[in-house]
Structures are given as C-alpha cells and as structure tokens.
Amino acid sequence: MHRITRRSFLTGLGGAAVGATGLTACTTGRPAPPTTDSVGTDPSASPTPPPPVTVNTATGPVVVPGAPLRVVVLDTDALDSALTLGITPVGAALPAADTRFPEYWPDSRVAGIRLIGPAGAPDLTAVRALRPDLLLSNQTRDGDRYDRLREIAPTVLTQTSGAPWKANVQLHAQALSREDAAAAFAGAYQKHAGQVAQSLSEAKLSGRRVSLVRFVEGGGIRMFGRQSFPGTVLADAQVARPDAQNVDQSDVEVPLDQIGRADGDLLLYATYGDPERAGTAAALASPGWQALGAVRAHRAFPVDDQLWFQGIGYTGANFVLDELQRFLGA
C-alpha cells in the first residue's frame, strides 16, 4: 500500500521561499506546507491592527477581522486551506469516522489543534470556549446552524466543498488575509500538474484510464466522477477516466453486483470508516471484484481516504499528484 510517510514529507520540503509569508516550495514545483504559523503572534507588536475585511460568502457579505489569529475550521477543506496558508487553527472538526488528523500533515503542524466534534455536528460549546475570531466551513456541513455559529464568531461559508476547491481556497485566503500566499500556491500547483501531465505523456501513459472508488461506511460503494476533488486533480493532470466515471457528477453509487463498472487500467480505492461496515472486505473478496481487469493485472491499489477524498486543498492535491504519478509508473 502506497502511503506518504512523515520522512518523505519532511525530505520533500525545499528551501525556496514564496514571498514574505515564510511558505516554501519543493524543487518539483510542488508547494510544501509552511513550517511556521501565526498562532501565538502578539497583535500588540504591530502599531496598528489590520483593518477588517469584507468577504462575499455563500450567505452574503461577512465582515471578518483582518489577519485573524484564532481560527476554527469545521471541515477538511478549510483545514487544508488554513494549514497550507500558514495558520494553525485553534480547533477543527473532522468527519465522524476519523479519529486522527490526516497523515499528510506531520504531527508538528497539527499538535496544537483541538478536536471539537464531528464535521456536520460540532460541539458548539467547545467551539465557543476556544474564543475564535473566525469560523470556516461550508453550507453543506453547517448551513443549518449558521445563525448559531455567527453568534460565536464571524462565519465564512462556501457553498460546498469538493469540486470548487480552488475557488474555495481563494475565499478562505481572503478571510485569512493570505491572498498573496494562495496565489503562489495556485501557480505552483498548476505548474506541478503540468509537469505530471508532461511526464505521463512522454511515458505514453496519458491514455490509461484511472478509476476512483470509495467504500463508505453507511454510504455504499461510490465511483467518483469529474465533479469531485480527486476528479479535478486527475483532470488537471490530463488523465483519462473510465466511461462510467467520465461524467459531470461528484460520485455515483454502484451496487456490488455492478462493480464491473468500476474497472479501469488503474483502480485506486479508499475506505471511509470501518472496512467491515463499509463493505470493503466483502467487495474485495467478491467474484465481481476479482474479475476486474485492474485487479487481475495487479493494478488495483488502496489509497489514504483522508488524502485522496478529504485532503481538499493545494497541499492535499499536490500529494495526490505525486502518488498518481508513482502509481502510473511515470
């Protein structure tokens, strides 16, 4: 199983600075997470505090403090945005089945973050106790509790997560007063995606159809289309998709007796939750799965769910590109 280790993460850090933000970039053109953050900064060190910022969110204009220091993130895309842009949140909500922060972030970057309940049902008392000056989430997760959230702190919601992640990062960056840094990461990511596409083309691998399958506890077997986070990353690398997944949808649930629709030249699959309750174990042992061309050719690989399906942001996307290139052998 291909996994990102902390050692490879740390050795991947390059020394090229991006602007004055202290962000770094890998020699491959892939931006690496910052090694420092804003938490603990003494606001009194600045002669004048940054002015408030008006952000046009999914719920309308929201005035947020300039350069907020105590940020709480309520979904995984906002977590990637904040950490990528050099801000360690004081609190974070993770999907209910996840008990740890994504492993593509080293412990040193997430050690100070307090878990405040599951995404979609955060503990609002715990959130309030953190005295946040900004909350980041999306309407899909927290639209029904928006009024309660904004009583705690200015709350910036995007419409949803997933496919529009690049635009969402820009909105997060505006709320965090890190727009220049976000632009640098966006440019570096596009360069990285172009390099991967070129490498695959030179190796005559661009036509290989990559299938994405996720086993979801309580949610069945899902094939992921173009309108999803991993789908957009594969598209940026100009990677082909199986016909059943080459659709403008986020995902399509497929029953086990139709698992043949998930076949591809390369099949990457992940599990959210317990593999037994998610049906992963049963599916992998089924005749239909064993009959898949990718399985028979030994080109079906498990991937980290917290990276491929939840690492919704520039740091996660760059690691997905790296793993994709390695799986395809370019």
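Anything mentioned here points back to the structure above.
Report follows, based on the coordinates. Because the structure is a prediction, the values reported are computed rather than measured. (Residues numbered from 1 in each chain as written. Predicted model: local features only at pLDDT ≥ 70, side-chain atom pairs only at ≥ 80, totals over all residues. Heavy atoms only, no water.)

1. Some points on the overall build of the protein
For clarity, the cut-off: The secondary structure listing takes helices from DSSP runs of H or I that are at least 4 residues long and strands from runs of E that are at least 2 residues long, numbered from the N terminus. Whether two residues touch is decided by their heavy atoms; if any such pair falls within 4.5 Å, the residues are in contact. Residue exposure ignores everything except the shown protein chains as possible cover, and the areas themselves are Shrake-Rupley values with a 1.4 Å probe.
A tally of helices and strands in the protein yields 15 helices and 15 strands. Excluding contacts between residues fewer than 6 apart, the proportion of contacts in the protein whose partners are at least 24 apart in sequence is 65%. About 13900 Å² of surface is accessible on the protein, with carbon and sulfur atoms providing 50% of the total.

2. Let's talk about the pattern of salt bridges
For the record, the criterion: Counted as salt bridges are all cases of a side-chain nitrogen of Lys or Arg within 4 Å of a carboxyl oxygen of Asp or Glu. For every residue, the accessible area (1.4 Å probe, protein chains only) is compared with the maximum for its type, and the residue is labelled buried under 20%, exposed over 50%, or partly exposed between those bounds.
The final tally for this structure, using the stated rule, is eleven salt bridges. Asp 144 is the salt-bridge partner of Arg 145, the closest N and O atoms lying 3.5 Å from each other. Owing to a relative accessible area of 63%, Asp 144 belongs among the exposed residues under this scheme. One connected set of salt bridges, linked through shared partners, spans Asp 142, Asp 144 and Arg 145.

3. Re helix α8 (residues 179–202)
Each full turn of the α-helix corresponds to 3.6 residues, which orients residues three or four apart in the same direction. Here is the rule: Each helix should span, by expectation, one fewer than its residue count multiplied by 1.5 Å.
Compared with an ideal rise of 1.5 Å per residue, which puts 24 residues at 34 Å, α8 spans 35 Å between its outermost C-alpha atoms and is within 8% of the ideal. Among the residues of α8, Ala 181, Ala 182, Phe 185, Ala 186, Ala 188, Tyr 189, His 192, Ala 193, Val 196, Ala 197 and Leu 200 are the ones counted as buried. Just downstream of α8, Lys 204 is the residue with a positive phi angle, here 55°.

4. Brief notes about the sheet that holds strand β14 (residues 266–272)
Whether parallel or antiparallel, the strands of a sheet pair through hydrogen bonds between backbone atoms. So the rule is basically this: DSSP bridges decide pairing: two strands pair if at least two such bridges lie between them. What counts as an axis is a line fitted to C-alpha atoms, over the stretch in contact for a helix, and the angles between N-to-C directions run from 0 to 180 degrees.
Across the sheet, five strands lie side by side as β13-β12-β11-β14-β15; this open sheet has mixed pairing. The open sheet has two free edges, formed respectively by β13 (251–253) and β15 (300–302), since each of these has just one partner strand. Taking each pair of neighbouring strands and ignoring which way they run, the sheet shows an average axis angle of 25°. Examined bridge by bridge, strand β11 (residues 210–216) and β14 share seven bridges and lie parallel to one another. Bridge pairing in β14 places Ser 211 opposite Leu 267. Relative to the sheet, helix α15 (residues 314–328) contacts β11, β14 and β15, its axis offset from that of β14 by approximately 135°.

5. A few points about empty space enclosed by the protein
Cut-off, in case you're wondering: Site definitions follow a grid-based scheme: protein atoms alone, a 1 Å grid, a 1.4 Å probe that fits but cannot get out for cavities, and for pockets an open set with protein on both sides within 12 Å along at least five of seven lines, plus lining residues having an atom within 4 Å of a point. Grid points are joined across faces, edges and corners, and a volume is the space filled by probe spheres set on the points. In this count, Pro and Cys sit with the nonpolar residues alongside Ala, Val, Leu, Ile, Met, Phe, Trp and Tyr, while Asp, Glu, Lys and Arg are called charged and the others, Gly among them, polar.
Within this structure, the stated rule accounts for two cavities of 30 Å³ or more. Approximately 30 Å³ is the volume attributed to the second largest cavity. Surrounding the second largest cavity, Ser 81, Thr 84, Leu 85, Val 169, Ala 182, Phe 185 and Tyr 314 form its lining. Those elements that place two or more of their residues in the lining of the second largest cavity are α2 (76–84) and α8. Residues that form the lining of the second largest cavity fall into these classes: five nonpolar, two polar and no charged.

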